[in-house]
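One letter stands for each residue in the lines below.
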2 protein chains.
Amino acid sequence: MVTDVEKNLVIGIDVGGTGTKIGIVDARGEILARDEGIATGSYPTFEAFVDAMNTVIGRLIKATGSEGRIRGIGVGAPDSNYYTGNIEHAFNLPWKGVLPLADMLSQKSGIPVYVTNDANAPAIGEMTYGTAKGMKNFIVITLGTGVGSGIVINGQLVYGCDGFAGELGHVTMVRGKEGRLCGCGRHGCLEAYCSATGVARTAREILATTNEQSLLRDVKEITSRDVYEAAKQGDHVALKIFDRTGTMLGEAIADFIAFSSPEAVILFGGLTRAGAFLLDPVKRAVDKNILHTFKGKTQILVSQLRDSDAAILGASALAWEGN
Amino acid sequence: MVTDVEKNLVIGIDVGGTGTKIGIVDARGEILARDEGIATGSYPTFEAFVDAMNTVIGRLIKATGSEGRIRGIGVGAPDSNYYTGNIEHAFNLPWKGVLPLADMLSQKSGIPVYVTNDANAPAIGEMTYGTAKGMKNFIVITLGTGVGSGIVINGQLVYGCDGFAGELGHVTMVRGKEGRLCGCGRHGCLEAYCSATGVARTAREILATTNEQSLLRDVKEITSRDVYEAAKQGDHVALKIFDRTGTMLGEAIADFIAFSSPEAVILFGGLTRAGAFLLDPVKRAVDKNILHTFKGKTQILVSQLRDSDAAILGASALAWEGN
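First things first, this report covers the structure right here in the doc. Just so you know, these numbers come straight off a predicted model, no measurement behind them.

### Quick look at the overall build of chain A
For chain A, the count of helices and strands is nine helices and twelve strands. Relative to the globule expectation of 20 Å for 323 residues, the C-alpha radius of gyration of chain A, 20 Å, shows essentially globular dimensions. The dimensions of chain A, computed from C-alpha atoms along their principal axes, are 65 × 45 × 35 Å. Relative to its full complement of 323 residues, chain A shows a buried share of 59%. Considering only contacts within chain A whose residues lie at least 6 apart along the sequence, 63% involve residues at least 24 apart. Surface exposure of chain A reaches about 13,100 Å², of which carbon and sulfur atoms provide 50%.

### Some points on the relation of the copies chain B and chain A
Note on the identical chains: chain B maps onto chain A by a rotation of 180° and an axial translation of 0.0 Å, with an RMSD of 0.0 Å. Taken together, the rotation and translation describe the operation of a two-fold axis. Looking at chain B, 100% of its interface residues are interface residues in chain A too, so the copies touch through the same face.

### Brief notes about the state of the cysteines
Across all of its chains, the model carries zero disulfides over all chains by this definition. A disulfide-free cysteine, A:Cys184 has its sulfur positioned 3.8 Å from the sulfur of A:Cys189, the nearest such atom.

### Side note on the side chain of B:Asp35
All names here are of chain B. Looking at where Asp 35 falls in the secondary structure, it is placed in strand E3 (residues 31-39). Within polar-contact distance, the side chain of Asp 35 engages the side chain of Arg 59 at 3.0 Å. If sequence neighbours within four positions are ignored, Asp 35 has contacts with Thr 20, Lys 21, Ile 22, Val 56, Arg 59 and Leu 60.

### Comments concerning the pairing of strand E9 (residues 147-153) of chain B
All names here are of chain B. In terms of residue burial, E9 counts as a mostly covered element, since seven of its seven residues are buried. Across the two faces of E9 the burial is the same, with Val 147, Ser 149, Ile 151 and Ile 153 and Gly 148, Gly 150 and Val 152 all buried. Of the strand pairs in this sheet, strand E8 (residues 138-143) and E9 are connected by six bridges, and their pairing is antiparallel. For Leu 143, the partnering residue across the bridge sits in E9 and is Val 147.

### Things to note about the interface of chain B and chain A
The partner chain A presents 41 residues to the 41 residues of chain B that form the contact. Taken together, both faces of the contact between chain B and chain A bury some 3,500 Å²; the carbon and sulfur share is 57%. For chain B, the biggest contributors to the area lost against chain A are B:Cys161, B:Arg175 and B:Phe259; these three give 22% of the whole. Summed over the shared surface of chain B and chain A, the number is six salt bridges.

### So, the environment of B:Ala192
Residues and elements named next belong to chain B. Locating Ala 192 in the fold gives a position in helix H4 (residues 191-194). The spacing of Ala 192 and Thr 247 is 55 residues in sequence and 14 Å in space, taken between C-alpha atoms. Not counting residues within four places of it along the chain, the set of residues in contact with Ala 192 comprises Arg 180, Leu 181, Cys 182, Gly 198 and Arg 201.

### Observations concerning the packing of helix H1 (residues 46-64) of chain B against helix H2 (residues 101-109) of chain B
Residue and element names in this part refer to chain B. Relative orientation of the contacting elements H1 and H2 amounts to 45°, with a least axis distance of 10 Å. Between H1 and H2, the interaxial angle falls into the category oblique. H1 and H2 meet at a crossing whose hand is right-handed. Along its contact with H1, which presents Phe 46, Glu 47, Val 50, Asp 51, Met 53, Asn 54 and Ile 57, the element H2 presents Leu 101, Met 104, Leu 105, Lys 108 and Ser 109. A per-class count over the contact of H1 with H2 returns seven nonpolar, two polar and three charged.

What counts and how
Residues numbered from 1 in each chain as written. Chains lettered and ligands numbered in written order. Predicted model: local features only at pLDDT ≥ 70, side-chain atom pairs only at ≥ 80, totals over all residues. Heavy atoms only, no water. Helix = DSSP H or I, 4+ residues; strand = E, 2+ residues; numbered from the N terminus. Rg over C-alpha atoms; globule rule 2.2 N^0.38 Å. Buried < 20%, exposed > 50% of the residue type's maximum accessible area, 1.4 Å probe, protein only. Contact = heavy atoms within 4.5 Å. Areas by Shrake-Rupley, 256 points an atom, 1.4 Å probe, with all protein chains shown as cover. Least-squares fit on C-alpha atoms with pLDDT ≥ 70 in both. Disulfide = S-S within 2.5 Å. Polar contact = N/O pair within 3.5 Å; in protein donor to acceptor, adjacent residues only side chain to side chain. Pairing = 2+ DSSP bridges. Buried area = accessible area lost by both parts, 1.4 Å probe. Salt bridge = Lys/Arg side-chain N within 4 Å of Asp/Glu carboxyl O. Axes fitted to C-alpha atoms, helices over the stretch in contact; angles between N-to-C directions. Parallel < 35°, antiparallel > 145°, perpendicular 65-115°, else oblique. Left-handed = near helix turned anticlockwise from the far one by under 90°. Nonpolar A, V, L, I, M, F, W, Y, C, P; charged D, E, K, R; others polar.

Function cannot be read off these values alone, since they describe shape.
Here it is in structure tokens:
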């Protein structure tokens, strides 16, 4: 029975470096209304950005007749601290320092706000609406522009002592100076190889250092999507690129399994569209590199949530948790 | 007020490949009586071994007048499964297959028995009686013959989906065939470098591949203790061995911190007797390799529990938890 005082909806917000998406979500994970039109970078101050989000929230609530029914707002944002509700020194966002996201947005909207790192949102989404429903121990690895991760242990998201745990994109896979320079300033991080940009770098490296024929030689600014398109046509270089990427990712996953022995590792994000080109070498490398104790215990899965929905859904799920 | 029905004592058992230690422990962590005389390898069957433990338990209870006061028995044993209470395929023990430790010992003794992996026992000990008192997120790394680990997240020991989580000795530090062969059959594991035996291997490698003068050239079967003694006398090769060992351990710890962002990493076990020779390069390497987000947040500590006590105390603490 729905009365107009029952708070049975949540709002999910995905704050990205380029765009910010907002959606109203019901308990079954249906997005009732959404707005993907906020250009994050176009606001001179953080407060102007929060005002813009608040205006959109008001409009979506009105459009769906959801006045008084919003239980909470969950936000996934880069470098966000679950404990404090702040964004802290995010180098993908235009505003510097510590930004009091939860405090400011809850004051303006009058709705409780819960904040988490953007890489944790998909893990919460998988647990609430997705592949990980009912699982107590799993890891979601987001393969996008970067590599992010959300880790669930004993049914709880791992935040660590500071709210920032789960930076698996920054474990070191190639030690020393021969490791690729990563966006974080260190060398050899998983992210420098197994992100969408890492795939493009691998493509450029192989093309520059070999004479192998490839469809990719005709592409000007290679992206991971070009590599996928070439792989579909049987291009050997493209297949090799996914093989290397998947192999390294599988080696890393074998180490992650030694840490928390999860039921599943769920891959999420743009790069997973490569399907078996990526997944097959990942599975082979996990199997080859895993400690005998863990052999065959962890499923390697691909998220079934639609990319465009998952970030909103994951963030919104935080608002159920928070109450 | 102690009456003879109040169960205010626990028993801790440390099952090792060579010897098994049993102690009666009170709530303050005092070991009231102990027996370290069981030679694990000398029992032809697992049941004979359990009988021997039960006999010692009976004797210790009688000697301390603890009849009716034992709340539970906690056991740390290799390859043990917290969920089932079984030892599973331990290659350091003389009996093969799945051994029903908790069931058999509780039937014989009439006391509830809780079992955990021997590398988890020190973590429970640190949390109950040691350096980690009051901490919710920390990792204990045991540097002994092998490298073991116990991971605590949100105040709970991490067991994973199968009870075997926390095998940080088997993350891969040197990839490919140039990585040292590890006892687990894989190559390049942390354990193959940063255990006591790893230190001895590093010593042999440096002595074989250089002409550097060293006190260690006069030692026949080099152990980590010899390396320590030489380091105390300023031996350059010995110092280099600890520097390499500590550096790799620090690199590994920087990756572990990216996983769970712990308040502290606590080093435990025989190798920590090397003190600053080991700890200084560990701290330097953590600081050099850590992601900026985590800089300066995690303390690197050495366990303050006495080695000979910690295994018994850690196992015994499990018996408080279990009730």
